[in-house]
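A look at the structure
Residue strings, one per chain:
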Amino acid sequence: MDNRIKEFRARYNLTQDELAKKVGVRRETIVFLEQGKYNPSLKLAHDIASELKVKIDDLFTF
Amino acid sequence: MVFLTIAVFITTVLYGYSSVNKNMANTASLLPIIITFAIAVFMIFFIARRYQDIKQGQPLEDERSKKVMTKAAATSFYFTLYWLLFISFFEDFFADQLFKAEHLDASQTVGGGIAGMAIAWIVCWLYYNKKGKLI
């Protein structure tokens, strides 16, 4: 599953650490998510999409 | 975790002390001390990492770290089954090479099994935490 977290994160000038704190996960989780090495739970995907103000469909591509 | 690390350290020191007292400071008695010491060092590294995380305001656990733990535990469980089989098949070899005895006694067999299990878990945790694709 690919994602555009890095791209949307850059729009809001958010660092990985800041995004991690906002959604309540560890920084490594965001790192692995962006590298496509981890698939998030539906809740985490929803939280990230809410923080980046996009739809889940736009953030994650199957 | 801190309590467990202290307990492992105390056990290692006591075992080392009793081995030296009994003049058993050979390969057979040093091996468990080295293995236990390595496990204790890993635990200290683990605690230091957690302490740093607390200072940086990161959560100690999240969904990925829980998944890493679960996957490491599952993989090391399978490995341990083979490891225990390996010990039982090659019991005579280990007894002869390490202890110059005909058979391993219960504590040596169980100790070998537990040490193998701990090492397998550490290796799996390090792998999944650094490289593993958790998809």
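Definitions and limits used
- As a convention, each chain's residues are numbered from 1 in the sequence order in which they are written.
- Written order decides the labels, with chains lettered from A and ligands numbered from 1.
- This being a predicted model, a pLDDT of at least 70 is required before a residue's local features are given, and a value of 80 or more before pairs of side-chain atoms are given or counted; all residues contribute to the totals for chains, interfaces and linings.
- The basis for the side-chain values is all heavy atoms of the structure; hydrogens and waters are excluded.
- Residue ranges for the domains trace back to a domain assignment, done automatically or taken from a database.
- Joining two parts hides part of their accessible area as seen by a 1.4 Å probe, and the buried area is that hidden amount summed over both.
- Just to be clear on terms, a salt bridge is a Lys or Arg side-chain nitrogen sitting within 4 Å of an Asp or Glu carboxyl oxygen.
- Nonpolar residues are Ala, Val, Leu, Ile, Met, Phe, Trp, Tyr, Cys and Pro. Charged residues are Asp, Glu, Lys and Arg, and all others, Gly as well, are polar.
- Think of it this way: any DSSP run of H or I at least four residues long counts as a helix, any run of E at least two long counts as a strand, and we number them from the N terminus.
- Burial status follows relative accessibility: with a 1.4 Å probe on protein chains alone, a residue under 20% of its type maximum counts as buried, one over 50% as exposed, and anything between as partly exposed.
- To form a nonpolar core, buried Ala, Val, Leu, Ile, Met, Phe, Trp, Tyr and Cys residues must be joined to one another through side-chain atoms within 4.5 Å.
- We call two residues in contact when some of their heavy atoms are within 4.5 Å.

All right, on to the domain arrangement of chain B then. A common way to state how big an interface is: give the accessible area lost once the parts meet. Residue and element names in this part refer to chain B. For chain B, the assigned domains are domain 1 (1-60) and domain 2 (62-135). For the pair domain 1 and domain 2, the two sides together bury roughly 950 Å², of which 82% comes from carbon and sulfur. At the boundary of domain 1 with domain 2, the tally comes to zero salt bridges. Among the residues forming the side of domain 1 that touches domain 2, the class breakdown is eight nonpolar, no polar and two charged.

All names here are of chain B. In this fold, Phe 93 is placed in helix H4 (residues 91-99). Classification of Phe 93 by relative accessible area gives partly exposed; the value is 48%. When the C-alpha positions of Phe 93 and His 103 are compared, they lie 8.8 Å apart, and in sequence the two are ten residues distant.

It is worth spelling out the nonpolar core at this point. Counting 19 residues, the largest nonpolar core has Ile 5, Leu 19, Ile 30, Ile 48, Leu 52 and Leu 59 of chain A as the members making the most contacts within it. Listing elements by their share of this core, those giving two or more residues are helix H1 (5-11), helix H2 (16-23), helix H3 (27-34) and helix H4 (42-51) of chain A. In terms of residue count, the dominant contributor to this core is H4 of chain A (four residues). Counting twelve residues, the second-largest nonpolar core is a separate cluster that includes Val 8, Phe 42, Val 68 and Ile 122 of chain B.

Moving on to the side chain of Ser 76 of chain B. Residue and element names in this part refer to chain B. Relative to the helices and strands, Ser 76 resides in helix H3 (residues 63-89). Accessibility expressed as a relative area gives 5% for Ser 76, which makes it buried. Filtering out sequence-adjacent residues up to four positions away, Ser 76 remains in contact with Met 117, Ala 120, Trp 121 and Cys 124.

Another aspect to go through is the pattern of salt bridges. Taken as a whole and assessed by the stated rule, the structure comprises eight salt bridges over all chains. Between Arg 4 of chain A and Glu 7 of chain A there is a salt bridge, with the nearest N and O atoms lying 3.0 Å from each other. A relative accessible area of 38% means that Glu 7 of chain A is categorised as partly exposed. For Arg 9 of chain A, the salt bridge goes to Glu 34 of chain A, with nearest N and O atoms at 2.6 Å. A residue pair is termed long-range when its members are at least 10 positions apart, and Arg 9 of chain A in helix H1 and Glu 34 of chain A in helix H3 qualify at 25 residues. A single burial state applies to Arg 9 of chain A and to Glu 34 of chain A, both of which are buried. Put simply, Arg 26 and Glu 28 of chain A together with Arg 49 and Asp 53 of chain B are held in one network by salt bridges that share partners.

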